[in-house]
Amino acid sequence: MIEIMDTTLRDGEQTAGVSFNASEKLAIAQLLIEELHVDRVEAASARVSKGESEGFRRICSWAASCGCLDRIEALGFVDGGVSVDWIAGNGGKVVNVLSKGSLRHLSGQLRKTPEQHLADIAAVLELAVAKGMTANIYLEDWSNGIVDSPDYVRFLLDGLSRLPVRRVMLPDTLGIFNPWQVEKYCGEMLSLYPDLHFDFHAHNDYGLAVANTLAAAKAGVHGVHTTVNGLGERAGNAPLASVTAGLNDQVGRRVALDESRLTHVCRYVESISAVRIPGNEPVVGENVFTQSSGVHADGDKKDNLYANRLLPQRFGRIRTYALGKVSGKANIINNLDKLGIKLTEQQVKLVTARVVELGDKKETVTAEDLPFIVADVLKSAGPATADNIHIVNYSLQLARGMRPVAIVKVSIHGKEYEASSPGDGQYDAFMKALWIIYARLGKEHPVLTDYQVSIPPGGKTDALVATTISWKNGDSEFKTRGIDSDQTEAAIKATVKMLNIIENINIKN
């Protein structure tokens, strides 16, 4: 086993524009430890702000009540014990002391000799031990130090090996290393100091953070550092999800994490950090378990030929098959099967041709669009594709200083119903009026979980708006999409698609 120390709440919060409040910090710490079972969490930097103090205090109080306070760490400094007092005063028991791991940083920033710096570190460690704390130590800029001033690094480690240090943490602070250098120099540290516990801390300036972390694990380090979604200074740190999968599958260094909860935690942090997970992000990205090629879909259908060890079920996901100009019949059939729609071979060819045509025009086609494409292509209204619900008309009223009000008339299986409601916005008012009708009829409805609006780059005021809405219906989740020059109208179109999908499922059942 290898330790994972996650530093989303410390190094990850150094991402430009990212700041977590005390409640968000506590929630992330709880998710990391209780759901993912991360070994350690670096939860704060000492002396930063009152908000940092409040967040760290709340995390330590919770951790103490759960018996896991020894897994909560905070960054401290060689500052005569001020950081140690701050951490201890907020309930912390583990300090990660930031020291200088290169002679250039030592002389250029602190303007001290190696002997003076080691003495200052020893004094801080002595104070920490006196308060009953555990001390780890960062060798900041170690990657430059071990290349440019190896004698200094060894001098420092010789001294630290005689001091009460639990872990020595080797950061590639400026993200300069490649995997071959990491394996070489981490191997040297382990060989020279076999009794020390070493962690490796990667940065992603060259896009090598995950590869470097795996190289360190291969060399034999005892722990590695990550952040959720790769948050961190400049280009970020090593992403927790990719490191976890890589350690398990590529290096054979098992971790204690529950992989099935990775997607949930990563998406939660995405929502409160406002830093979107790219669609092609490994393991947790929207597209990573989506096959687009018709050849791939055909191979999967016949013998699961295009699967690897990154099975979606490991991460609480399912495999999907995208629709577009490279779709083949197998993609279409896979999606139709999931929707319970049965077509003849000739009908599948017609639907496939229409999907390819839309893809050529750069239209986005989702599985939820298929019933409408089928109905349009075949000019039919079978139970699986019927447009049983449509909006007859609606009125949205907006006045300054007053809440928006919506009046909605909807036709359900040919019978019309009407309701009105205020709301926090025009679309919110529309939805509340709609759900009043559903409540009268005793009909259940899904929950809106995400709402995204996209406008083509360079678009003008009359450009089309695409509104994509995510819904949760019982145990299933799906998306619908509407396009219009008006954002609210686009959202209403997406909503009508959702209503018909749910209604057709209910008819089928």
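The sections below set out a description of the structure shown in this document. (Residues numbered from 1 in each chain as written. Predicted model: local features only at pLDDT ≥ 70, side-chain atom pairs only at ≥ 80, totals over all residues. Heavy atoms only, no water.)

### Here's the deal with the overall build of the chain
Within the chain, the secondary structure is distributed over 17 helices and 16 strands. Expressed as a percentage of its 509 residues, the buried residues of the chain come to 50%. Put simply, 64% of the contacts in the chain that link residues at least 6 apart link residues at least 24 apart. Per element, the accessible surface of the chain, about 23200 Å² overall, is 51% carbon and sulfur. (Helix = DSSP H or I, 4+ residues; strand = E, 2+ residues; numbered from the N terminus. Buried < 20%, exposed > 50% of the residue type's maximum accessible area, 1.4 Å probe, protein only. Contact = heavy atoms within 4.5 Å. Areas by Shrake-Rupley, 256 points an atom, 1.4 Å probe, with all protein chains shown as cover.)

### A few points about unusual backbone geometry
Even without being a glycine, His37 presents a positive backbone phi close to 65°. Under the relative-accessibility criterion, His37 is labelled partly exposed at 37%. A positive phi angle, near 55°, is found at His413, a position not held by glycine.

### Overview of the pattern of salt bridges
Within this structure, the stated rule accounts for 28 salt bridges. In this structure, the salt-bridge partner of Lys25 is Glu13, at a minimum N-O distance of 3.1 Å. Placement of Lys25 in helix H1 (residues 22–35) and of Glu13 in the loop between strand S1 (3–6) and H1 is noted, with a sequence separation of twelve residues between them. Of the two residues examined, Lys25 and Glu13, each falls in the buried class. As a salt-bridge pair, Glu418 and Lys409 come within 4.0 Å of each other at their nearest N and O atoms. Residue Glu418 is classed as partly exposed on the basis of its relative accessible area, which comes to 44%. Through salt bridges with shared partners, a single ionic network connects Glu3, Arg40, Glu73, Arg167 and Asp199. (Salt bridge = Lys/Arg side-chain N within 4 Å of Asp/Glu carboxyl O.)

### A few points about the packing of helix H9 (residues 209–219) against helix H10 (residues 240–251)
The contact between H9 and H10 brings their axes to 10 Å, and the two run at 45°. By the criterion of interaxial angle, the relationship of H9 to H10 is oblique. In terms of crossing hand, the pair formed by H9 and H10 is right-handed. In this structure, H9 uses Val210, Thr213, Leu214, Ala217 and Lys218 to contact H10, whose residues at the interface are Ser242, Val243, Gly246, Leu247, Gln250 and Val251. For the contact of H9 with H10, the residue count by class is six nonpolar, four polar and one charged. (Axes fitted to C-alpha atoms, helices over the stretch in contact; angles between N-to-C directions. Parallel < 35°, antiparallel > 145°, perpendicular 65-115°, else oblique. Left-handed = near helix turned anticlockwise from the far one by under 90°. Nonpolar A, V, L, I, M, F, W, Y, C, P; charged D, E, K, R; others polar.)

### Observations concerning the nonpolar core
Note that soluble globular proteins tend to have their nonpolar side chains buried in a common cluster. Counting 88 residues, the largest nonpolar core has Trp142 and Leu157 as the members making the most contacts within it. Look past the residues within four positions of Trp142 in its chain and what remains in contact with it is Gly101, Val153, Leu170, Pro171, Phe177, Tyr185, Cys186, Met189 and Phe200. In this structure, Val410, Met431, Met498 and Ile501 belong to the second largest nonpolar core, which totals 27 residues. (Core = buried A, V, L, I, M, F, W, Y, C linked by side-chain atoms within 4.5 Å.)

### A word on helix H7 (residues 150–160)
Of all the positions in H7, only Tyr152, Val153, Leu156, Leu157, Gly159 and Leu160 are classed as buried. The buried side chains of H7 occupy one side of the element, clustering within an arc of 160° when seen end-on. (Arc of directions from axis to C-beta.)

### With respect to empty space enclosed by the protein
As enumerated under the stated definition, the model contains one cavity of 30 Å³ or more in all. Forming the boundary of the largest cavity are Asn229, Pro239, Leu240, Ala241, Ser242, Cys266, Glu281, Pro282 and Val284. Broken down by element, the lining of the largest cavity gets its largest block of residues, three residues, from H10. For the lining of the largest cavity, the class distribution of residues is six nonpolar, two polar and one charged. (1 Å grid on protein atoms, 1.4 Å probe; cavity = no way out; pocket = protein on both sides within 12 Å on 5 of 7 lines; lining within 4 Å. Points joined across faces, edges and corners; volume = space filled by probe spheres on them.)

### Concerning the sheet that holds strand S14 (residues 447–454)
Overall, antiparallel pairing links the three strands, which are arranged S14-S15-S16 in an open sheet. In this open sheet, the two edge strands, each paired with only one partner strand, are S14 and strand S16 (476–484). Taken pair by pair, the neighbouring strands of this sheet meet at an average axis angle of 20°, ignoring direction. Pairing analysis gives nine bridges linking strand S15 (residues 465–473) to S16, with the strands arranged antiparallel. Note on S16: the bridge partner recorded for Thr467 is Gly482. (Pairing = 2+ DSSP bridges.)

### Some remarks on the environment of Val405
Assignment of secondary structure puts Val405 in strand S12 (residues 405–412). For the pair Val405 and Ser395, spaced ten residues apart in the sequence, the C-alpha separation amounts to 8.1 Å. Those residues in contact with Val405, other than ones at most four positions away along the chain, are Ser395, Leu396, Gln397, Ser421, Pro422 and Ala429.

### A short note on helix H2 (residues 50–66)
Between its first and last C-alpha atoms H2 spans 25 Å; for 17 residues at 1.5 Å apiece the expected length is 24 Å, and the two agree. Three or more residues of H2 are buried, namely Glu52, Ser53, Gly55, Phe56, Ile59, Cys60, Trp62 and Ala63. On its buried face, H2 is in contact with H1, strand S2 (40–45), strand S3 (72–77) and helix H3 (82–89). Where H2 starts, the residue carrying a side-chain oxygen 3.4 Å from the main-chain nitrogen of Gly51 turns out to be Ser49. (Expected span 1.5 Å × (residues − 1). Polar contact = N/O pair within 3.5 Å; in protein donor to acceptor, adjacent residues only side chain to side chain.)

### Section: the packing of aromatic side chains
One pass over the structure, following the stated rule, counts seven aromatic pairs. Between Phe177 and Tyr185, the ring centres sit 5.6 Å apart and the planes meet at 10°, which makes this aromatic pair stacked. Neither residue differs from the other here; Phe177 and Tyr185 are each classed as buried. Aromatic pair Trp435 and Tyr438: ring centres 5.3 Å apart, planes at 75°, arrangement edge-to-face. Here Trp435 pairs with Tyr438, and both are found in helix H16 (residues 426–441), just three residues apart, close to one helical turn. With respect to class, Trp435 is no different from Tyr438; both count as buried. By way of ring pairs, the aromatic residues Tyr394, Tyr427, Phe430 and Tyr451 are connected into one cluster. (Phe/Tyr/Trp six-rings, centres within 6.5 Å; stacked < 30°, edge-to-face > 60°.)

### Points about the pairing of S2
Counting buried positions over the six residues of S2 gives six, a clear majority of the element. Strand direction decides the pairing type here: S1 and S2, joined by two bridges, are parallel. From the neighbouring strand, Asp6 faces S2, where its bridge partner is Val41. As judged from the four bridges shared by S2 and S3, these two strands associate in the parallel manner.

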